[in-house]
Amino acid sequence: MTLEEKNQNDILNEFNDPNEIEFIFSDKPINRFKTKPEVEDKISLLAKLKNDLQNIKNCELKESAKKLVFSDGNSNSKIMIVGEGPGQKEDEVGKPFVGDAGLLLNKMLKAININRQDIYITNVVNYRPPNNRKPEPAEITRYSEYLRKHISIINPKILILMGSTAMESLFGSKIKISKERGNWKDVIINNKSYLTMITFHPAYLLRQPEQKKYSWADLKEIRKKIDELEINL
Ligand code: URA
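Residues numbered from 1 in each chain as written. Predicted model: local features only at pLDDT ≥ 70, side-chain atom pairs only at ≥ 80, totals over all residues. Heavy atoms only, no water.

Peer 1: Help me get a handle on the pairing of strand 5 (residues 184-189), residues and values and all.
Peer 2: The side-chain alternation of strand 5 yields one buried face, formed by K185, V187 and I189, and one unburied face, formed by W184, D186 and I188. Direction of pairing for strand 5 relative to strand 6 (residues 192-199): antiparallel, over a ladder of 6 bridges. Pairing of K185 across the sheet is with T196, part of strand 6. Hairpin remark: strand 5 followed by strand 6, antiparallel, with 2 residues in the connecting loop; positive phi at N190, about 50°. (Buried < 20%, exposed > 50% of the residue type's maximum accessible area, 1.4 Å probe, protein only. Helix = DSSP H or I, 4+ residues; strand = E, 2+ residues; numbered from the N terminus. Pairing = 2+ DSSP bridges.)

In structure tokens, the structure reads:
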């Protein structure tokens with residue numbers, strides 16, 4: 001046996017020593033990218049948030065609703081939309097914006113070349129308010145804690161608040177949507193600033209179609225920002 005063969009034998013014997021700990025070899029590549037833990041983190045943080053909402057106590061909304069309506073779309077998207085709350089259809093299906101307002105939302109997004117499945121959508125309240133009433137100020141305040149967490153987890157580059165309830169949830173009730181819509185604002189959550197656009201809610205546009213011209217101006221502004229920020233959807 002050559003010296004080289006002997007060395008190789010010694011090494012093999014060392015690995016095969018029955019008294020030694022068992023070595024387990026894996027041919028899977030080592031993941032050196034930082035993004036994977038972030039993605040896993042996001043999934044588990046979203047699951048935890050969903051679970052917290054499922055376990056919310058003393059909430060009239062939860063008591064009367066059929067389903068929790070958590071979110072829809074791509075949780076890695078850089079665009080996040082916040083609506084008001086589930087309606088009848090959403091309550092049945094368990095997804096936001098699947099009724100008439102949802103159909104209009106899909107068309108609005110398409111008009112600026114966005115597929116709905118490429119963005120992330122949620123609501124201020126995650127249970128249908130009885131008879132589709134507007135959420136009470138106390139409910140908006142209570143759920144805004146969850147919404148803020150939700151936004152931090154998704155970490156969007158552009159946040160779109162649709163309607164006055166979404167606006168109130170993050171900016172308070174002292175301002176008017178007719179004045180605030182169409183301008184970029186910053187909302188700060190956990191020391192992080194999120195670029196935000198307030199715009200009309202699609203359900204409002206169904207009732208007041210003459211307001212669509214303002215909505216179209218806001219949508220074009222959003223598209224411009226997406227291109228400026230080079231956001232790939
Ligand atoms: N209106 C909303 O604000 N959200 C929905 O999910 C559906 C209608």
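Peer 1: Describe helix 5 (residues 100-111), naming the residues involved and giving the relevant values.
Peer 2: Every α-helix winds through 3.6 residues per turn, so residues three or four apart in the chain are directed the same way. Under the 1.5 Å per step criterion, the end-to-end length of helix 5 is 17 Å for 12 residues, consistent within 8% with the ideal 16 Å. Among the residues of helix 5, those classed as buried are A101, G102, L104, L105, M108 and L109. Down the axis of helix 5, the sector holding all buried residues measures 160°, keeping them to one side. Exposed positions of helix 5 whose direction lies more than 90 degrees from the buried face are D100, L103 and K107. Each element contacted by the buried residues of helix 5 is listed here: strand 2 (79-83), strand 3 (120-123), strand 4 (158-162), helix 9 (202-207) and helix 10 (212-228). Once helix 5 finishes, N113 follows within two positions and takes phi at roughly 65°, a positive value. (Expected span 1.5 Å × (residues − 1). Arc of directions from axis to C-beta. Contact = heavy atoms within 4.5 Å.)

Peer 1: Describe the sheet that holds strand 1 (residues 72-73), listing the residues and the values that go with them.
Peer 2: If you trace the 6 strands from one edge of the open sheet to the other, you get 1-3-2-4-6-5, paired in mixed fashion. Two strands close off the open sheet at either side, each with one partner strand: strand 1 and strand 5. One ladder, built from 5 bridges, connects strand 4 with strand 6; its direction is parallel. Bridge pairing links L159 to T196 in strand 6. Contacting strand 2, strand 4, strand 5 and strand 6, helix 10 runs over the sheet at an angle of about 150° to strand 6. (Axes fitted to C-alpha atoms, helices over the stretch in contact; angles between N-to-C directions.)

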